[in-house]
Amino acid sequence: MQAESDTQRGHGAPGIGPRDASRYDRLFANRAAAVKSSAMRDLMALSEQPEIISLAGGFPDTESFPIDIYAEVVAAVQTGFRASSLQYGPTEGLWELREKIVEVMAHEGAFTRPDDVLITTGGQQAIDLSVRTFVDPGDVVLAEGPTYPGAVPCFTTYEAEVEHVPMDEDGLRIDLLEERLDTLDRRGVRPKLLYTIPNFHNPAGVTMSLERRERLVRIAHERELLVVEDNPYGQIRFEGENLPSLWELDDGEGWVIYLSTFSKILAPGVRVGWVAAPPPVLRKMNLGKQAADLCSSTFTQRFIVEYMRRFDWREHVARLNDVYRNRRDTMLRALDEEMPAEVEWSHPKGGLFLWATLPEPLDTTELLAEATRDERVAFVPGRGAFLDGQGGRSMRLNFSGASEPLIAEGIARLGRSVTRQLELARQLFGDQ
Ligand SMILES: Cc1ncc(COP(=O)(O)O)c(C=O)c1O
């Protein structure tokens, strides 16, 4: 009761809002002043409004996790590991879980050892630790354009100079990457790392072709370019065959750092991801993690181990893929039916997102304001996936988090919004 009345009375500084920052301006570190929010996080509050259909988040379908399995796993943790699951654990994570991660990676053909794995608090921390370990203020980081909006606060926190390399339907344009590396070389600049999402890119929805993967790893070896391969979606595949990871193609040469997470194959609520990296890199990341949070949740790590011991995680992933394949198809069908002919979008073979681009002079940041107000539908505007102002005509649409009827209704609403904006633009500017 005491706690409740404290809450009601309210503590803190109610007169000071989050935007009332000027009094701290002289105190904030450069990295705090420079940090840019992730566009998708900004949209979380909006998306929680029940009348809004959100195609913005990257929410996996946690309803598909069977209730009886959940209960059995929690009971196993409770009876077998009560004290240890409530205890601190090693920074690198539980050994048994690292063994399971070796199994998960092997399922995609990527071989590693438990010793080469560091458990992180979600895939997000794996990105943070990668950037923290290598990037000083002003260092150049290469990333696809668009890139994962959630990586934006990591890049800006460590004051990286991000240079985007364009993509097409076969993923990162390796020819343009080479040109960029040559240009940087002439300026005497060595990029610290390339951050890439080869499988079912978030947000672009495309997958890097085998030929480009091979070429990228060759370049990494020849030029000693460190490649951070972020692979949360490799197993969320609806059609076609697995392609080898960059980690696998690197074949132990040590120029690829591999990141992944249980968020998309199990549940984001467990907040467990991982890094596989060469030992000297892993050691530095371990120290970074000691500073950040000592260790990831022992409770949820144990939950995953007990789950994987008792059940076939591949079956769960297959079940999820069936659900998402249908949702993707529903979204693609609805886009065909509802969008004006000038709108284009990617056709992902897996993952959770597609990327749609509107004709000139439409702007998706402006569209979002209208679409949420008048049609109660939300998406991530494309600018959130670039650090250089590009992406104004594009948007990320998620097909995993809403039911098929809601996806169809959401796209119908979005189609109305786009059509209205397009008509307005035609009235103002004539046919472009
Ligand atoms: C490309 C990419 N990397 C990392 C993450 C973060 O993963 P986690 O939710 O495990 O922190 C996401 C989540 O959407 C992602 O799409």
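Basis of the calculations
- Throughout this document, residue positions are counted from 1 along each chain, in the order its sequence is written.
- Selection of residues for local features in this predicted model requires a pLDDT of at least 70, selection of side-chain atom pairs for listing and counting requires 80 or more, and totals for whole chains, interfaces and linings are taken over all residues.
- Think of it this way: any DSSP run of H or I at least four residues long counts as a helix, any run of E at least two long counts as a strand, and we number them from the N terminus.
- We compute the radius of gyration from the C-alpha atoms alone; for a globule the expected value is 2.2 Å times N to the 0.38, where N is the number of residues.
- Labels follow a simple rule on C-beta atoms placed from the backbone: if 20 or more others lie within 10 Å of a residue's own, it is buried; if 12 or fewer, it is exposed; otherwise it is partly exposed.
- Each pair of strands is called paired provided DSSP finds at least two bridges between the two strands.
- Residue pairs qualify as contacts under a 7 Å threshold applied to their C-beta atoms, which are placed from the backbone.
- Note on geometry: axes are C-alpha line fits, over the in-contact stretch for helices, and angles between N-to-C directions span 0 to 180 degrees.
- Note on terminology: a nonpolar core is a set of buried residues of type Ala, Val, Leu, Ile, Met, Phe, Trp, Tyr or Cys, with members joined through C-beta atoms within 7 Å.
- A domain assignment, automatic or from a database, supplies the domain bounds used here.
- An angle below 35 degrees is treated as roughly parallel, one above 145 as roughly antiparallel, one from 65 to 115 as roughly perpendicular, and anything else as oblique.
- We call a crossing left-handed when the near helix sits turned anticlockwise from the far one by less than a right angle, and right-handed when that turn is clockwise.
- Classification convention: Asp, Glu, Lys, Arg as charged; Ala, Val, Leu, Ile, Met, Phe, Trp, Tyr, Cys, Pro as nonpolar; all other residues, Gly among them, as polar.
- One less than the number of residues in a helix, times 1.5 Å, gives the span that helix is expected to have.
- Within this analysis, the arc is defined by the directions that extend from the helix axis to the C-beta atoms.
- As used in this record, a residue near a molecule or strand is one whose C-beta atom, placed from the backbone, is within 6 Å of it.

Caption draft 1: Representation of the overall build of the protein chain. Across its full length, the protein chain carries 16 helices and 14 strands. Rg of the C-alpha trace for the protein chain: 22 Å, near the compact-globule value of 22 Å for 432 residues, within the 12% margin. Over its C-alpha atoms, taken along the principal directions, the protein chain stretches across nearly 65 × 65 × 55 Å. The buried share of the protein chain, reckoned over its 432 residues, is 47%.

Caption draft 2: Structural view of the sheet that holds strand β5 (residues 171–172). Read across the open sheet, the eight strands follow the order β2-β9-β8-β7-β6-β3-β4-β5; overall the sheet is mixed. In this open sheet, the two strands that pair with only one neighbour each are β2 (117–120) and β5. Looking at chain direction, strand β7 (residues 227–230) and strand β8 (residues 256–261) are connected through four bridges and run parallel. Across the sheet, the residue bridging to Glu229 is Tyr258, located in β8. In the packing of helix α12 (residues 279–293) onto the sheet, contacts are made with β2, β8 and β9 (273–276), and the angle to β2 comes to roughly 25 degrees.

Caption draft 3: Inspection of unusual backbone geometry at higher detail. Pro146 follows Gly145 through a cis peptide bond whose omega is 5 degrees. Structurally, the position occupied by Pro146 is in the loop between β3 (140–145) and α8 (152–157). Of note, the bond from Glu360 into Pro361 is cis; its omega dihedral lies within 30 degrees of zero at -5 degrees. Positionally, Pro361 belongs in the loop between β11 (353–357) and α15 (364–375). A positive phi angle is found at Glu159, which is not glycine, with a value near 55 degrees. Inspection of the secondary structure puts Glu159 in the loop between α8 and β4 (161–168). Its identity as a non-glycine residue notwithstanding, Leu294 has a phi of 65 degrees, on the positive side. Structurally, Leu294 is set in the loop between α12 and α13 (298–310).

Caption draft 4: Here's a closer look at the nonpolar core. Phe155, Val227, Val275 and Ile304 are the most contacted members of the largest nonpolar core, which has 112 residues in total. Residues from two domains meet in this core; each of domain 1 (28–64 + 315–429) and domain 2 (76–310) gives at least three. Apart from residues no more than four positions distant in its own chain, Val227 is found in contact with Leu194, Thr196, Leu216, Ala220, Leu246, Trp255 and Val256.

Caption draft 5: Structural context of the packing of helix α9 (residues 174–186) against helix α10 (residues 210–223). As a packed pair, α9 and α10 sit with axes 10 Å apart at the nearest point and diverge in direction by 15 degrees. The angle between α9 and α10 places the two elements in the roughly parallel class. The two elements α9 and α10 meet at a crossing, and its hand is right-handed. Residues Ile174, Glu178 and Leu181 of α9 form the contact with α10, whose participating residues are Arg212, Arg215, Leu216, Ile219 and Arg223. Of the residues assigned to the contact of α9 with α10, the class counts are four nonpolar, no polar and four charged.

Caption draft 6: Representation of α10. The end-to-end C-alpha distance of α10 is 20 Å, a good match for the 20 Å that 14 residues give at a rise of 1.5 Å each. Among all positions in α10, only Arg212, Arg213, Leu216, Val217 and Ala220 are buried. Seen along its axis, α10 keeps its buried residues to an arc of 135 degrees; they face one direction. Within α10, the exposed residues directed more than 90 degrees away from the buried face are Glu211, Arg218 and Glu222. Downstream of α10 by one or two residues, Glu224 has phi in the positive range, about 55 degrees.

Caption draft 7: Spatial organisation of the domain arrangement of the protein chain. Parsing the protein chain into structural domains produces domain 1 (28–64 + 315–429) and domain 2 (76–310). Each of domain 1 and domain 2 has a C-alpha centre, and these two points are 25 Å apart. Across the contact, 36 residues belong to domain 1 and 36 residues belong to domain 2. For the side of domain 1 that touches domain 2, the secondary structure elements donating two or more residues are α2 (30–34), α3 (39–47), α14 (313–338) and β11. With five residues, the single largest contributor to the side of domain 1 that touches domain 2 is α14. Taken together, the residues that form the side of domain 1 that touches domain 2 break down as 16 nonpolar, 13 polar and seven charged.

Caption draft 8: Examining the site of the ligand more closely. Every one of the 15 residues lining the ligand counts as a neighbour, but Gly122, Gly123, Gln124, Thr261 and Ser263 are closest to it. When residues of the shell around the ligand are assigned to their parent elements, the largest contribution, four residues, is made by helix α7 (residues 122–134). Of the residues that constitute the shell around the ligand, the class distribution is five nonpolar, nine polar and one charged.

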